[in-house]
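Residue-level structure breakdown
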Amino acid sequence: MIARVLIVAMLLVVAGCAAPTAVITASGSQVELRQMQTREYDTLDKRGALRAVVATLQDLGFVIDKADFELATISATKLQDYEIRMTVTVREREGNRLAVRASARFNEEPITDPAAYQDFFTTLDKAMFLTLHEVD
Amino acid sequence: MNKGRILAVALFAALLVGCETLPEDAFRLSESALELREIQSRTYEGVTDIEILSASSGVLQDLGYTIDEVEKELGVLSASKRASAKDDVEIASKIALDVLDCLVTFMIGCEDDAYQSSKDVQDIRMTLVVLPDLSEERTYRVRLTMQRLVWMKSGDLYEQETINDAAVYQAFFDKLSKSVFLEKEGV
């Protein structure tokens, strides 16, 4: 019984630590990862969207490492007791929409927790709303 | 069974500590986010974004920074510099350990440099973003965010943090205001 409990505990911990690698290499999960990292917005204002991304990153305490308007790519780093590195890209999608994709790394591991991206996009939504409505 | 359960929980806890997890609030605005935004922002009137970016580059050069990235389409400018961290308060316990280490190694290399845990240099990184005020012509809002990494003499990282000290931002904006004025006057 004790052994069984220990094995379950070990497996849980190992799964918790190793999950990022598993998620990326397992078949079919690439789509899942992209979905959780992407949000679409009803706008074609690429400049406004990128400015909202920069503002959001600054609000969250990031320093911008790279910014490219033409390629619509922003890379940034947050330093606390931990380090988060993040890349955000903006792409045009069919139906006059923009897709914003964010991918982030926490210390040495890629972030694959949907809740983390959900939080990021919730923060970005507010900045997008302000930026895009000021433009109108 | 009880012992086994305790053992399992202990093992679980020990392994979890080894596996650092993402803090829940990493991508959420902190309670002080609005206040910080004010501390880190200033509005400039009667200027162009190019004038502000040029004035900023000037101030950063004055302060010994190197420009790492500029994207004028988005009004983004990032810069960094390495500076001494020696005037910071050193951590007594770490120094004490070094002293002990010195004694153990028979006083070899026990001069100042022996205090491997003392802070040596810090890398300061910053981003400055210039955004147009869409309701006012020729009015721009500048926001600055700064971080630093402090290194020990041993080369290990002592700490990394976001700089939230209002005085640091105030000092920068004082210099930037002067620089913007000089830029407009064509000095």
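The structure contained in this document is the topic of the report that follows. All values derive from a computational prediction rather than experimental measurement.

1. Side note on the overall build of chain B
- Secondary structure assignment for chain B yields 5 helices and 6 strands.
- Going from the N terminus to the C terminus, chain B shows its helices and strands as α-α-β-α-β-β-α-β-β-β-α.
- Across the 187 residues that make up chain B, the buried fraction comes to 26%.
- Put simply, 62% of the contacts in chain B that link residues at least 6 apart link residues at least 24 apart.

2. Looking at the pairing of strand β2 (residues 62-68) of chain A
All names here are of chain A.
- Sheet analysis places β2 next to strand β3 (residues 73-79), joined by 6 bridges and oriented antiparallel. Bridge assignment links Ile64 to a residue of β3, and that residue is Ala76.
- Here β2 hands over to β3 after 4 residues, with Ala72 in that stretch at a positive phi of 50°.

3. Observations concerning helix α3 (residues 49-62) of chain B
Residue and element names in this part refer to chain B.
- Between its terminal C-alpha atoms α3 stretches 20 Å, which fits the 20 Å expected from 14 residues at 1.5 Å a residue.
- For α3, the complete set of buried residues consists of Ile52, Leu53, Ala55, Ser56, Val59 and Leu60. Along the axis of α3, the buried positions cluster into a sector of 165°, meaning they face one direction only. Along α3, the residues that are exposed and aim more than 90 degrees away from the buried face are Ile50 and Asp62.
- Looking at the packing, one finds that the buried side of α3 touches β1 (41-45), β2 (66-71), β3 (76-84), β4 (119-132), β5 (139-152) and α5 (166-185).

4. Side note on the packing of α3(B) against α5(B)
All names here are of chain B.
- Between α3 and α5, whose axes approach to 8 Å, the crossing angle comes to 120°. In terms of their interaxial angle, α3 and α5 are classed as oblique. The interaxial crossing formed by α3 with α5 has right-handed handedness. Across from Glu51, Ile52, Ser54, Ala55, Ser56, Gly58 and Val59 in α3, the residues of α5 making contact are Lys175, Leu176, Ser179, Val180, Glu183 and Lys184.
- The residue inventory of the contact of α3 with α5, partitioned by class, reads 5 nonpolar, 4 polar and 4 charged.

Scoring rules and cut-offs
Residues numbered from 1 in each chain as written. Chains lettered and ligands numbered in written order. Predicted model: local features only at pLDDT ≥ 70, side-chain atom pairs only at ≥ 80, totals over all residues. Helix = DSSP H or I, 4+ residues; strand = E, 2+ residues; numbered from the N terminus. Buried ≥ 20, exposed ≤ 12 C-beta atoms within 10 Å, placed from the backbone. Contact = placed C-beta atoms within 7 Å. Pairing = 2+ DSSP bridges. Expected span 1.5 Å × (residues − 1). Arc of directions from axis to C-beta. Axes fitted to C-alpha atoms, helices over the stretch in contact; angles between N-to-C directions. Parallel < 35°, antiparallel > 145°, perpendicular 65-115°, else oblique. Left-handed = near helix turned anticlockwise from the far one by under 90°. Nonpolar A, V, L, I, M, F, W, Y, C, P; charged D, E, K, R; others polar.

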